[in-house]
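Results of the structural survey
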Amino acid sequence: KKSDRMARYTADQLERVTQELVPPPFVPKHEQVAKGKPKVVQVTLTVEEKQVELENGVKAWVSAFNGSVPGPLIVCHQHDYVELTLKNPKTNALAHNIDLHASTGALGGGELTLVSPGEEVTFRFKATKVGTFVYHCAPGGIMIPWHVAMGMAGAIMVLPRDGLKDGHGNPIRYDKAYYVGEQDFYVPTDKNGKYKEYSTVTGSMNDTLEVMKTLTPSHIVFNGAVGALTGKNAMTAKVGETVMFIHSQPNRDTRPHIIGGHGDYVWATGQFNDAPQTDLETWGIPGGCAGAAIYTFLQPGLYAYVNHNLIEAIMKGAAGHIKVDGEWDDDLMVQLKKPTKMA
Amino acid sequence: KKSDRMARYTADQLERVTQELVPPPFVPKHEQVAKGKPKVVQVTLTVEEKQVELENGVKAWVSAFNGSVPGPLIVCHQHDYVELTLKNPKTNALAHNIDLHASTGALGGGELTLVSPGEEVTFRFKATKVGTFVYHCAPGGIMIPWHVAMGMAGAIMVLPRDGLKDGHGNPIRYDKAYYVGEQDFYVPTDKNGKYKEYSTVTGSMNDTLEVMKTLTPSHIVFNGAVGALTGKNAMTAKVGETVMFIHSQPNRDTRPHIIGGHGDYVWATGQFNDAPQTDLETWGIPGGCAGAAIYTFLQPGLYAYVNHNLIEAIMKGAAGHIKVDGEWDDDLMVQLKKPTKMA
Amino acid sequence: KKSDRMARYTADQLERVTQELVPPPFVPKHEQVAKGKPKVVQVTLTVEEKQVELENGVKAWVSAFNGSVPGPLIVCHQHDYVELTLKNPKTNALAHNIDLHASTGALGGGELTLVSPGEEVTFRFKATKVGTFVYHCAPGGIMIPWHVAMGMAGAIMVLPRDGLKDGHGNPIRYDKAYYVGEQDFYVPTDKNGKYKEYSTVTGSMNDTLEVMKTLTPSHIVFNGAVGALTGKNAMTAKVGETVMFIHSQPNRDTRPHIIGGHGDYVWATGQFNDAPQTDLETWGIPGGCAGAAIYTFLQPGLYAYVNHNLIEAIMKGAAGHIKVDGEWDDDLMVQLKKPTKMA
Ligand SMILES: [Cu+2]
Ligand SMILES: [Cu+2]
Ligand SMILES: [Cu+2]
Ligand SMILES: [Cu+2]
Ligand SMILES: [Cu+2]
Ligand SMILES: [Cu+2]
Ligand SMILES: [Mg+2]
Ligand SMILES: [Mg+2]
Ligand SMILES: [Mg+2]
Ligand SMILES: [Mg+2]
Ligand SMILES: [Mg+2]
Ligand SMILES: [Mg+2]
Ligand SMILES: [Mg+2]
Ligand SMILES: [Mg+2]
Ligand SMILES: [Mg+2]
């Protein structure tokens, strides 16, 4: 088989390319069908510890791959090698590493990548499995849930070399792709119920761990803050466009839903080699997993993209918008009689 | 393809029928295989704000489509048009609307259907996707999770025109169908832990929202109250009968299970165009989703139908009964030795 | 069909064998492909009520099938009969029974097996459905969630007579199998937040039920205690070995993940007659369900096997280890540049 032949190359025989990572919800430029032989895809992630505003007046310390929560989406094809440099600037206080669910061995790379402030490390893995996969920091012990609950997670998409297929061998292609990273935060409160602030990341640790033990997040947000994907930051599409949404959650189960739309093709656990589910209203993604859904927009308007636990969406923050331009189709939906006084 | 030809009709070319909606767990009379051309299916939903008894002595305000939690199941076939009139009597205090996950655009109809007390509205959508889908009120902002947490949700089943199929193209038919709507409630307590009562729906809002923020329901019930599907309200079946169970949860993940039975065929996210899973003990339905399971009963007796988080089933209320008549089959199960003193 | 012919035998025509049950994570000796006719598989489960140490200094009362949490895995093939004797020694304080999700009727056997302290009972069921299935105690009412939350659950694996298959009819075989039973515990605390101890199982009931109502476990553990599958109790494998992991959770949803590995083939709800999902990072198992995953290890090292809600894994206890011997493969992963001072 062609794919097996491609698997036989080793890294030293292959072309090297540098992938420009971009902040989510954007996705690096990529081919949907691989051209030629596998490649060595070089990427760099730099960890930034900083305070962010989760919502108006509520601050939280994050550890952020390339400064964003989630970290940037990495994209490659099966049999590519990913060569990753992880940098931990000396301005940081904590040691970090990276565990990529797409990789094989050494705790997903975690054992080979632990860097103290001021250090960098480079490692390489072969993308043997196709799909969408979470990556996250996992420096050991209690640092693991804490760093992840500080937003230190992202995703990698490993596409089949010949592109996505439906369950009957037909190609599926998308016009654009967005990456939505959902993250649970656990901001401590004082005895009056007011969210607390901390002047250092280490100072925030113990209180945050206490909240984490309750398994009840104070915030569940898309792309790092309440409203990060609304207003001028809304995602966009056009009627007739086919959009892929990659969605990751490193901890809690989630259930993406496009209000007014559907998942035409859904790989809820991200596994592109299996037949996608079709025509879903909502899809369940287990914690520690990245999934993908594809939808062709048929109507214009402002769509909400939510975690359909509506309390988590509206009261905790897990909601974004998609602004879709185009012509309204009365055949699909029409208001026949405006709101009027009841007979 | 036949189904494509059917998709080409528009609403004005089609016969109009009125669907008599019935209170859950019952399901409107319907054909499993569509006869003739698509239809325009007219339904009316009237919102009722009222206080109900969730369990002995515990009251909660609900907003209920047609007075029941969940609202009634709507049934149609793919390519049918659903023409829905939503009435909000002037005796109500709140504005309401409807977002149907089966529809396309305008926030699932939510944008076109907002009615103040004393108003009604009529809109129409085409059922382009097959499956079981949640509908719910979604009047915007904090009203969304609050109205849904007041039970303002139901489901619609869009059947394939040629009926259900297993994964090999063979028809699947059911002898009867039940609709179980699971709903999380968040009843506030006073400082002694006693459930509070409120004289108005708006008066109950702020306290209820505070409980919702904990993500921990006080009650999780089937069909509006603890015990709504037990005793004289138990579902019924006969040995040899094939029963479909449609199950919706607008918020939280759930995991239906028939104690002593199975899911012979299960569409956990409700998607009838995909091959069903077979022979499941328990199926996971993500929040914001309606799923369906089919079981042919092989033994008589009283079955429990539960959400198999057994704390949610027994301590929060998510349990019902199915009373099955018929002959016991010793080959499937037999008590060989009654409880006796241990040797 | 051959399988139909096998289904026609009745228990009295068949050979009887006694299955030696073993403590988890170990799995009874078994054939992957059934030889000859179905069998009557005799097993005995004895209930032990006892106090265990969940983690250093934290004690909890458990009700344990054969003294272990989870109870032992039972293994048989489709069309076998399972003849089960349940013993409740008079040293116990509570009545117990068993509900097996693999069986049909009488609340999964629960109605036929209730035994008071000092009693035993024997019943038999036919394993008509293939898959991995939870069993648990379900003595009625509030006893159901309480006994289950005391660890009184296990699993049974019913293999297809001709063994496991991928989605294309090809056989899947494993070199070894482990059974991981995940269990949520709800240990009460005193007003200083210190975990309480109780001198009797009945004395622990009311406080434990109060914690259970919060739906927030104090502990979520694999095989009965924090660290039960680490250190000298770690699971083991060799590079090149194919290992099956059966995973059950009687209550809460879970999401198994092998850090540094994958699920090559996954039946998340345990249903062996359906095509497995392939190449998963993480798989979602609904509460009240047992699932199975198969992985061929490609790298040596210490793998963690976790519930990938990382708070549940690290702060609540849901983590184990797999020690894998063999040769490291630099092609799959290599550290190219050790941690060094950043440029
Ligand atoms: Cu880190
Ligand atoms: Cu991970
Ligand atoms: Cu409403
Ligand atoms: Cu919705
Ligand atoms: Cu028991
Ligand atoms: Cu059960
Ligand atoms: Mg691998
Ligand atoms: Mg994935
Ligand atoms: Mg559509
Ligand atoms: Mg559905
Ligand atoms: Mg059965
Ligand atoms: Mg069968
Ligand atoms: Mg869940
Ligand atoms: Mg779930
Ligand atoms: Mg199972």
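Residues take numbers from 1 onward in each chain, read along the sequence in its written order. As they are written, the chains are lettered A onward and the ligands numbered 1 onward, keeping that order. Where local features are concerned, this predicted model is filtered to residues with pLDDT of at least 70; where side-chain atom pairs are given and counted, the filter is 80 or more; whole-chain, interface and lining totals use all residues. In computing side-chain properties, one takes all heavy atoms of the structure into account and sets aside hydrogens as well as water.

Moving on, we get to the overall build of chain A. Numbering of helices and strands runs from the N terminus, with a helix taken as a DSSP run of H or I at least four residues long and a strand as a DSSP run of E at least two residues long. Tallying secondary structure elements over chain A gives 4 helices and 22 strands in all. For chain A, the C-alpha radius of gyration of 21 Å lies close to 20 Å, the compact-globule estimate for 343 residues. Each principal axis of the C-alpha distribution contributes one length, and for chain A these read about 70 × 65 × 30 Å. Only protein chains enter the accessibility calculation, which uses a 1.4 Å probe; a residue whose area is less than 20% of its type maximum is buried, one above 50% is exposed, and one in between is partly exposed. Counting every position in chain A, which comprises 343 residues, the buried fraction comes to 64%. Taking contacts inside chain A between residues at least 6 apart in sequence as the whole, the part at least 24 apart equals 75%. The method behind every accessible area is Shrake-Rupley, applied with a 1.4 Å probe, and residues are considered shielded solely by the protein chains displayed. Of the roughly 11900 Å² that chain A leaves accessible, carbon and sulfur atoms contribute 49%. The globule rule used here is 2.2 Å times the number of residues to the 0.38 power, and the radius of gyration it is set against is calculated over C-alpha atoms. Here a residue-residue contact requires only that any non-hydrogen atoms of the pair lie within 4.5 Å.

A separate point is the pairing of strand 2 (residues 39–55) of chain B. Residue and element names in this part refer to chain B. Should DSSP find at least two bridges between two strands, the strands are taken to pair. The sheet contact formed by strand 1 (residues 15–18) and strand 2 spans 4 bridges and is parallel. Bridge assignment links Glu15 to a residue of strand 2, and that residue is Lys39. As defined by bridge partners, strand 2 adjoins strand 5 (residues 81–88) across 7 bridges and the pair is classed as parallel. Directly across from Thr44, in strand 5, lies its bridge partner Thr85. Bridge count for strand 2 against strand 3 (residues 58–65) is 8 bridges, and the pairing is antiparallel. From the neighbouring strand, Val52 faces strand 3, where its bridge partner is Ala60. Two successive antiparallel strands, strand 2 and strand 3, enclose a turn made up of 2 residues, where Gly57 displays a positive phi of approximately 80°.

What follows deals with the relation of the copies chain B and chain C. Turning chain B through 120° and shifting it by 0.0 Å along the axis lays it on chain C, with an RMSD of 0.0 Å. Read as a symmetry element, the transformation amounts to a three-fold axis. Of the residues that chain B buries at the interface, just 4% are likewise interface residues in chain C, meaning the two copies contact each other through different surfaces. Superposition of the copies was done by least squares, using only C-alpha atoms of residues whose pLDDT is at least 70 in both.

A separate point is the sheet that holds strand 17 (residues 263–267) of chain C. All names here are of chain C. Spatially, the 6 strands line up as an open sheet ordered 13-12-15-19-17-18, and their pairing is mixed. Looking at strand neighbours, the two that pair on one side only are strand 13 (219–222) and strand 18 (277–280), the edges of this open sheet. In this sheet, adjacent strand axes meet at a mean angle of 25° when their direction is disregarded. Bridge count between strand 17 and strand 19 (residues 289–296): 3 bridges; the pairing is antiparallel. If you follow Val266 over to strand 19, its bridge partner there is Ala293. Between N-to-C directions, angles cover 0 to 180 degrees, with each direction set by a line fitted to C-alpha atoms, over the stretch in contact for helices.

For Na, K and Ca the donor cutoff is 3.2 Å, while for all other metals N, O and S atoms count as donors only within 2.8 Å; water does not appear among the atoms, so some sites may look incomplete. The coordination sphere of the copper ion (ligand 6) contains the protein donors His308 of chain B (NE2), His101 of chain C (NE2) and His136 of chain C (NE2), at a distance range of 2.0 Å. With His101 of chain C in the loop between strand 6 (99–100) and strand 7 (119–126) and His136 of chain C in strand 8 (residues 131–136), this pair connects stretches of sequence that are 35 residues apart. Accessibility expressed as a relative area gives 2% for His101 of chain C, which makes it buried.

With an omega dihedral of 15°, the bond running from Pro24 of chain A to Pro25 of chain A counts as a cis peptide bond. Within the secondary structure, Pro25 of chain A is located in the loop between strand 1 (15–18) and strand 2 (39–55). Cis geometry marks the peptide bond from Val69 of chain A to Pro70 of chain A; its omega dihedral reads 0°. Relative to the assigned elements, Pro70 of chain A resides in the loop between strand 3 (58–65) and strand 4 (74–77). Of note in the backbone geometry, His79 of chain B takes a positive phi value of approximately 80° without being a glycine. Here His79 of chain B lies in the loop between strand 4 (74–77) and strand 5. By relative accessible area, His79 of chain B is classed as buried at 8%. Within the chain, Leu215 of chain C stands out as a residue other than glycine whose phi angle is a positive 60°. For Leu215 of chain C, the position within the fold is in the loop between helix 3 (205–213) and strand 13.

Looking now at the coordination of the magnesium ion (ligand 10). For the magnesium ion (ligand 10), every protein donor is listed as Glu281 of chain A (OE), Thr132 of chain B (O), Thr269 of chain B (O) and Ala290 of chain B (O), and the spread of their distances is 2.1 to 2.5 Å. Here Glu281 of chain A, found in the loop between strand 18 (277–280) and strand 19 (289–296), pairs with Thr132 of chain B, found in strand 8 (residues 131–136), and the two come from separate chains. You'll find Glu281 of chain A and Thr132 of chain B in the same group, each marked buried.

Every contact between the two is made by 47 residues of chain B and, on the other side, 62 residues of chain C. Put simply, buried area is how much 1.4 Å-probe accessible surface two parts lose in total, over both of them, once they are put together. Taken as a group, Glu281, Met333 and Met342 of chain B account for 16% of the area that chain B buries against chain C, more than any other trio of residues on that side. The term salt bridge refers to a pairing of a side-chain nitrogen on Lys or Arg with a carboxyl oxygen on Asp or Glu at a separation within 4 Å. If you look at where chain B meets chain C, you find 5 salt bridges. One salt bridge in this structure joins Lys129 of chain C and Asp264 of chain B, with 2.4 Å as the shortest N-O distance. Definition of a polar contact: a pair of N or O atoms within 3.5 Å, with one able to donate and the other able to accept a hydrogen when the atoms are protein atoms, and with sequence-neighbouring residues admitted only if both atoms are side-chain atoms. Taken together, the connections running from chain B to chain C amount to 28 residue pairs in polar contact (both at pLDDT 80 or more). Of all the secondary structure elements, the ones that give two or more residues to the side of chain B that touches chain C are strand 16 (256–259), strand 18 (277–280), strand 20 (301–307), helix 4 (310–314) and strand 22 (333–341) of chain B. For the side of chain B that touches chain C, the element with the most residues is strand 22 of chain B, which contributes 9 residues. Any residue that is not Ala, Val, Leu, Ile, Met, Phe, Trp, Tyr, Cys, Pro, Asp, Glu, Lys or Arg is counted as polar, Gly included; the first ten are nonpolar and the last four charged. In the side of chain B that touches chain C, the residues fall into 21 nonpolar, 13 polar and 13 charged.

This next bit is on the interface of chain B and chain A. On the side of chain A, 46 residues touch chain B, which itself brings 61 residues to the contact. Both sides of the chain B and chain A interface together cover about 4300 Å² of buried area, and 58% of this is carbon and sulfur. Notably, a salt bridge pairs Lys126 of chain B with Asp331 of chain A, separated by 3.6 Å at the nearest N-O pair. The interface formed by chain B and chain A contains 28 residue pairs in polar contact (both at pLDDT 80 or more). Elements with a contribution of two residues or more to the side of chain B that touches chain A: strand 5, strand 7 (119–126), strand 8, helix 2 (143–148), helix 3 (205–213) and strand 19 (289–296) of chain B. With 8 residues, strand 7 of chain B is the single largest residue contributor to the side of chain B that touches chain A. A breakdown of the residues in the side of chain B that touches chain A according to their chemical character gives 26 nonpolar, 21 polar and 14 charged. Pairing of strand 22 (residues 333–341) of chain A with strand 7 of chain B involves 6 bridges; the strand directions are antiparallel. When the sheet's bridge partners are listed, Lys337 of chain A is paired in strand 7 of chain B with Thr122 of chain B.

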